[in-house]
Amino acid sequence: LTIGPFFAIPRCATVPFTVTVEPLMGEGGHTAALAIFSLIFFALVLAFSLKPGKILTYVGKIFTPVFLVFLGALTVIALINPMGDISKMAPQGAYESSALFTGFIEGYNTMDALAGLAFGIIIINAVKDLGVEKPGDIAKSTVKSGVFTFIIMAVIYGAITIAGAQSRGSGIMCSNGGEVLTLIATSYLGKLGGIFLAVTVTVACLKTSVGLVVSCSETFVDMFPKGPKYRTWAVIFSCFSFLIANIGLNSNPFIG
């Protein structure tokens, strides 16, 4: 529930809103805008989630490639034309004394490790849909996909880390990764960069939400075989996540 409707899924709606819509607005109207944005967002999530048999097509063949193309293009541009020399960028804050431990904790706070448990269900089902039936073969295919994913993610995160460190050469200090990506995108591509980043973040969060709704729904069907069917759980999780997203993560009663 924590990596699903209580926290992670609602966050997937508020993050792209913060990056794409909020910067374009003035002081007021954020509540109504978030309601409209999140309603459209979760309507799309539910539409894709109601067809779990096509999850491999949606996430694996459409959303992820689009996301990687946009993010890859932005990162390559930043690496080719660096804003500064990393060797001249001194670490700050907690990174100055304990860079590894601080980075580990910040990485854990993304909840990717916990979400991996839920996404494992999708991976296994996707492998089965490809015609792999024996448990041993399913395990081997899952491990192979995990190793491949690890390598690709290591390259992606490594490139983003370098680009982020180089961005400090601009003289502008950012408080989080979202601000860093916005700085990089707008510095190199101007307004087009803002649109570029908006599409990248929205697609990334949309595919994550679909995956979480599908995995959570399938988990609850297995946990409560005499309870609601898959489609009902998908509707429940999508609607509940919409409500939590509009309460605001800072006032979310489930995360204190």
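Residues numbered from 1 in each chain as written. Predicted model: local features only at pLDDT ≥ 70, side-chain atom pairs only at ≥ 80, totals over all residues. Heavy atoms only, no water.

Explain the overall build of the protein chain here, please?
Within the protein chain, the secondary structure is distributed over 8 helices and 0 strands. Walking the protein chain from its N terminus toward its C terminus, one meets helices and strands in the order α-α-α-α-α-α-α-α. Computed over the C-alpha atoms, the radius of gyration of the protein chain is 19 Å, within 12% of the 18 Å expected from 2.2 N^0.38 for a compact globule of 256 residues. Over its C-alpha atoms, taken along the principal directions, the protein chain stretches across nearly 60 × 50 × 35 Å. Counting across all 256 residues of the protein chain, residues that qualify as buried make up 32%. For the protein chain, the computed accessible surface area is about 14700 Å², with 70% contributed by carbon and sulfur atoms. Positive and negative charge centroids in the protein chain, built from 15 and 12 side chains respectively, lie 11 Å apart. (Helix = DSSP H or I, 4+ residues; strand = E, 2+ residues; numbered from the N terminus. Rg over C-alpha atoms; globule rule 2.2 N^0.38 Å. Buried < 20%, exposed > 50% of the residue type's maximum accessible area, 1.4 Å probe, protein only. Areas by Shrake-Rupley, 256 points an atom, 1.4 Å probe, with all protein chains shown as cover. Lys, Arg positive; Asp, Glu negative; His and termini not counted. Charge placed at Lys NZ, Arg CZ, Asp CG, Glu CD.)

What should I look at first to understand the nonpolar core in this one?
Soluble globular proteins tend to pack their nonpolar side chains together in the buried interior. One finds Phe41, Phe42, Val45, Leu74, Ile184 and Leu212 to be the most contacted residues of the largest nonpolar core, which totals 40 residues. Ranked by residues supplied to this core, first place goes to helix 7 (residues 177-223) with 14 residues. The residues touching Leu212, leaving out its near neighbours within four places in the chain, are Ile3, Ala8, Ile9, Ala115, Ala118 and Phe119. (Core = buried A, V, L, I, M, F, W, Y, C linked by side-chain atoms within 4.5 Å. Contact = heavy atoms within 4.5 Å.)

Explain helix 2 (residues 30-49) here, please?
An α-helical turn contains 3.6 residues, so any two residues separated by three or four positions project in the same direction. In a regular helix each residue adds 1.5 Å, so 20 residues correspond to 28 Å; helix 2 covers 27 Å between its end C-alpha atoms and thus fits that length. Turning to helix 2, its buried residues are Ala33, Leu34, Phe37, Ser38, Phe41, Phe42, Val45, Leu46 and Ser49. Next to the buried residues of helix 2 lie helix 1 (8-20), helix 7 and helix 8 (230-247). (Expected span 1.5 Å × (residues − 1).)

In this structure, what is going on with the confidence of the model for the protein chain? I would like to understand it.
Low pLDDT marks regions whose predicted coordinates should not be analysed in detail. Confidence in the prediction of the protein chain, expressed as mean pLDDT, is 83, and 91% of residues score 70 or more. Per-element confidence in the protein chain ranges from a low mean pLDDT of 78 for helix 5 (residues 112-129) to a high of 93 for helix 8. (pLDDT = per-residue confidence, 0-100.)

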